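Here's the letter readout for the chains.
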Amino acid sequence: MIPLRDNIPSRRLPIINYLLIAASCFVFLLQTKDLSDGLIFRFSLIPARLQQPDRPLVIENRRTVETPLGIRELRTPVEIPQTPFPAWTTLCSCIFLHGSLMHLVGNLWFLWIFGDNVEDRLGHLPYLCFYLACGTFASFCHSATEHDS
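Overview of the structure.

Cut-off values and rules
Residues numbered from 1 in each chain as written. Predicted model: local features only at pLDDT ≥ 70, side-chain atom pairs only at ≥ 80, totals over all residues. Heavy atoms only, no water. Helix = DSSP H or I, 4+ residues; strand = E, 2+ residues; numbered from the N terminus. Buried < 20%, exposed > 50% of the residue type's maximum accessible area, 1.4 Å probe, protein only. Lys, Arg positive; Asp, Glu negative; His and termini not counted. Salt bridge = Lys/Arg side-chain N within 4 Å of Asp/Glu carboxyl O. Polar contact = N/O pair within 3.5 Å; in protein donor to acceptor, adjacent residues only side chain to side chain. Contact = heavy atoms within 4.5 Å. Axes fitted to C-alpha atoms, helices over the stretch in contact; angles between N-to-C directions. Parallel < 35°, antiparallel > 145°, perpendicular 65-115°, else oblique. Left-handed = near helix turned anticlockwise from the far one by under 90°. Nonpolar A, V, L, I, M, F, W, Y, C, P; charged D, E, K, R; others polar. Core = buried A, V, L, I, M, F, W, Y, C linked by side-chain atoms within 4.5 Å. Phe/Tyr/Trp six-rings, centres within 6.5 Å; stacked < 30°, edge-to-face > 60°. Expected span 1.5 Å × (residues − 1). Bend = angle between axes of the 7 residues up to and from the residue.

**What about the side chain of Arg49?**
Turning to its location among the elements, Arg49 is positioned in helix α3 (residues 47-51). Buried within the structure, Arg49 lacks any salt-bridge partner; Glu79 is the closest side chain of opposite charge, at an N-O distance of 9.5 Å. Side-chain polar atoms of Arg49 contact the backbone oxygen of Phe41, separated by 2.6 Å. At 3.1 Å, the side chain of Arg49 and the backbone oxygen of Pro81 are in polar contact. In this structure, Arg49 is in contact with Phe41, Arg42, Ser44, Leu57, Ile80, Pro81, Gln82, Thr83, Ala87 and Thr90, ignoring residues within four places of it in sequence.

Next up, the structure:
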């Protein structure tokens, strides 16, 4: 059920599709090099950040450690860094973040197979606008339905 290719040839070079794939790969490489998760915290969609952009966000970091009294869970508060841009921009910036290599491969696989045909049909700039608008709308829907995410 996983498509390997499509049988509709493109009439023009899908340059925007290639750039979106390259941008996603580049951002994922930056994510893997950023051991502090600063990139993820600054540019990911956090619904609480949209609802109250000036309020500092604090999460609880949990880890299990072995002590002489047995295994215990340590909880320490961690403040999430603020985004360097207005909070609403994370509705779009989070489109390029991925949670794992398989998440990246799965998304880009379908973009590679079907994106060229959509770009061919719409044109370069309308395709880019469509891609960003759909991603932003999906982020908005996530934020509207998952307040505590």
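**Thoughts on the packing of helix α5 (residues 101-122) against helix α6 (residues 124-145)**
One way to put it is that α5 packs onto α6 with a least axis distance of 7 Å and a crossing angle of 125°. By the angle between their directions, the pair α5 and α6 is classed as oblique. The interaxial crossing formed by α5 with α6 has right-handed handedness. On α6, the residues that touch Leu111, Gly115, Val118, Glu119 and Leu122 of α5 are His124, Pro126, Tyr127, Phe130 and Tyr131. Classifying every residue of the contact of α5 with α6 by side-chain character gives seven nonpolar, two polar and one charged.

**Observations regarding the nonpolar core**
Membership of the largest hydrophobic core comes to 14 residues, with the highest contact counts inside it found for Leu20, Phe96, Leu108, Leu111, Tyr127 and Tyr131. Mapped onto this core, the elements with two or more residues apiece are α1 (15-33), α5 and α6. In terms of residues, this core owes the most to one element, α1, which gives five residues.

**Considerations on the packing of aromatic side chains**
This model, assessed by the stated rule, comprises four aromatic pairs. Seen in terms of ring centroids, Phe110 and Phe114 are 6.0 Å apart; in terms of plane orientation they differ by 25°. Their pairing is stacked. Of this pair, Phe110 and Phe114 both sit in helix α5, four residues apart, which is roughly one turn of that helix. Under the relative-accessibility criterion, Phe110 is labelled partly exposed at 41%. Here the aromatic rings of Tyr127 and Tyr131 are separated by 6.5 Å at their centres, their planes lie at 50°, and the arrangement is tilted. Of the two residues, Tyr127 and Tyr131 both sit in helix α6, four residues apart, roughly one turn of that helix.

**Quick look at the environment of Arg11**
Along the polypeptide, Arg11 turns up in the segment before α1. On the basis of relative accessible area, Arg11 is assigned to the exposed category, the value being 71%. Sequence separation of Arg11 and Leu30 is 19 residues, and the distance between their C-alpha atoms is 33 Å.

**Quick word on the packing of α1 against α6**
Contact geometry of α1 with α6 gives a least axis separation of 9 Å together with a crossing angle of 35°. In this structure, α1 uses Ile15, Ile16, Asn17 and Leu20 to contact α6, whose residues at the interface are His124, Tyr127, Leu128 and Tyr131. Partitioning the contact of α1 with α6 into residue classes produces six nonpolar, two polar and no charged.

**Some details on α5**
Helix length check: α5 (22 residues) gives 29 Å between terminal C-alpha atoms against 32 Å at 1.5 Å per residue, within 8%. Along its length, α5 shows its largest kink, about 45°, at Phe114. When α5 is considered as a whole, its buried residues turn out to be Leu104, Leu108, Leu111, Ile113, Gly115, Asp116, Asn117, Glu119 and Asp120. Looking at the packing, one finds that the buried side of α5 touches α1 and α6. At the exit of α5 stands Gly123, carrying a positive phi of roughly 105°.

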